[in-house]
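# Residue-level structural notes
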Amino acid sequence: MTTHTTEPRGATRPRRLSGIGRVLVAVYGVLALAATGRSLVQIVEKFDEAPLAYSLSALAAVVYIVATIALVRPGRTWYRIAWATIAFEFTGVIVIGALSVIRPDLFPHDTVWSGFGRGYLFIPLVLPLLGMWWLARHRPAPAGAPEDAE
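Quick summary incoming for the structure in this document.

## Quick look at the nonpolar core
Counting 29 residues, the largest nonpolar core has Tyr28, Tyr64, Leu71, Ile86, Val112 and Trp113 as the members making the most contacts within it. Within the residue set of this core, elements represented by two or more residues are helix 1 (20-46), helix 2 (51-72), helix 3 (76-102) and helix 4 (123-137). Among the elements that make up this core, the one with the highest residue count is helix 2 (nine residues). Sequence-distant contacts of Tyr28, that is, excluding residues within four places in its chain, are made with Tyr64, Ala67, Thr68, Leu71, Ile86, Glu89, Leu127 and Pro128.

Put into structure tokens, the structure is as follows:
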């Protein structure tokens, strides 16, 4: 039995890690390093001053690390992980951003996502939107297709 696809025979699917995708991964990587460094310094030097804020910064760092890896790795599983981490990131930016504006007493010190990422030039607010757009445009190959055909 043959399967029918909407793609022409021999057509290759665009890879996630090409063109703008490389820039997206690079920005995620830089943000992962920045958030990791910031959270480690905050936790080591002054965790008792703002444990919630510094724990959220560490969580953001982990999310950025996993998102970066997931964007680079091929396959359906990593595609789903990329979606999950980027959606979580966007939710975090919106929720923590709003709470930090409405209830600043909850965050006596900034997190990566405070003020919708203002400490990082609002990149944490814009980046997940670009990431979700990119993922929607670069779906993995259908089940049964070769992994490198993404």
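Continuing now.
## Re the packing of aromatic side chains
Taken as a whole and assessed by the stated rule, the structure comprises four aromatic pairs. A centroid spacing of 6.4 Å and a plane angle of 75° characterise the contact between Tyr64 and Trp113, whose relative ring orientation is edge-to-face. Highlighted residues: Tyr64 in helix 2 and Trp113 in the loop between helix 3 and helix 4, separated in sequence by 49 residues. For the residue pair Tyr64 and Trp113, the accessibility class agrees, reading buried in each case. Centre to centre, the rings of Trp133 and Trp134 are 6.0 Å apart; their planes meet at 50°, and the pair counts as tilted. Three or more aromatic residues joined by ring pairs form one cluster here, namely Tyr28, Tyr64, Phe88 and Trp113.

## Comments concerning the pattern of salt bridges
Applying the stated criterion across every chain yields a total of two salt bridges. Between Arg103 and Asp105 there is a salt bridge; the shortest N-O distance is 2.8 Å. A salt bridge links Arg118 to Asp110; the nearest nitrogen and oxygen atoms lie 3.5 Å apart.

## A look at helix 3
Here helix 3 contains 27 residues, and its C-alpha end-to-end distance of 39 Å stays within 8% of the 39 Å for a straight helix at 1.5 Å per residue. Every buried residue belonging to helix 3 is among Tyr79, Ala82, Thr85, Ile86, Glu89, Gly92, Val93, Ile96, Gly97 and Ser100, and all of these are buried. Check the buried side of helix 3 and you find it contacts helix 1, helix 2 and helix 4.

## What to know about unusual backbone geometry
The phi dihedral of Phe116 falls on the positive side, at around 60°, and the residue is not glycine. Relative to the assigned elements, Phe116 resides in the loop between helix 3 and helix 4. One non-glycine residue, Leu121, lies in the positive phi region at around 60°. For Leu121, a relative accessible area of 72% corresponds to the exposed category.

About the criteria used
Residues numbered from 1 in each chain as written. Predicted model: local features only at pLDDT ≥ 70, side-chain atom pairs only at ≥ 80, totals over all residues. Heavy atoms only, no water. Core = buried A, V, L, I, M, F, W, Y, C linked by side-chain atoms within 4.5 Å. Buried < 20%, exposed > 50% of the residue type's maximum accessible area, 1.4 Å probe, protein only. Helix = DSSP H or I, 4+ residues; strand = E, 2+ residues; numbered from the N terminus. Contact = heavy atoms within 4.5 Å. Phe/Tyr/Trp six-rings, centres within 6.5 Å; stacked < 30°, edge-to-face > 60°. Salt bridge = Lys/Arg side-chain N within 4 Å of Asp/Glu carboxyl O. Expected span 1.5 Å × (residues − 1).

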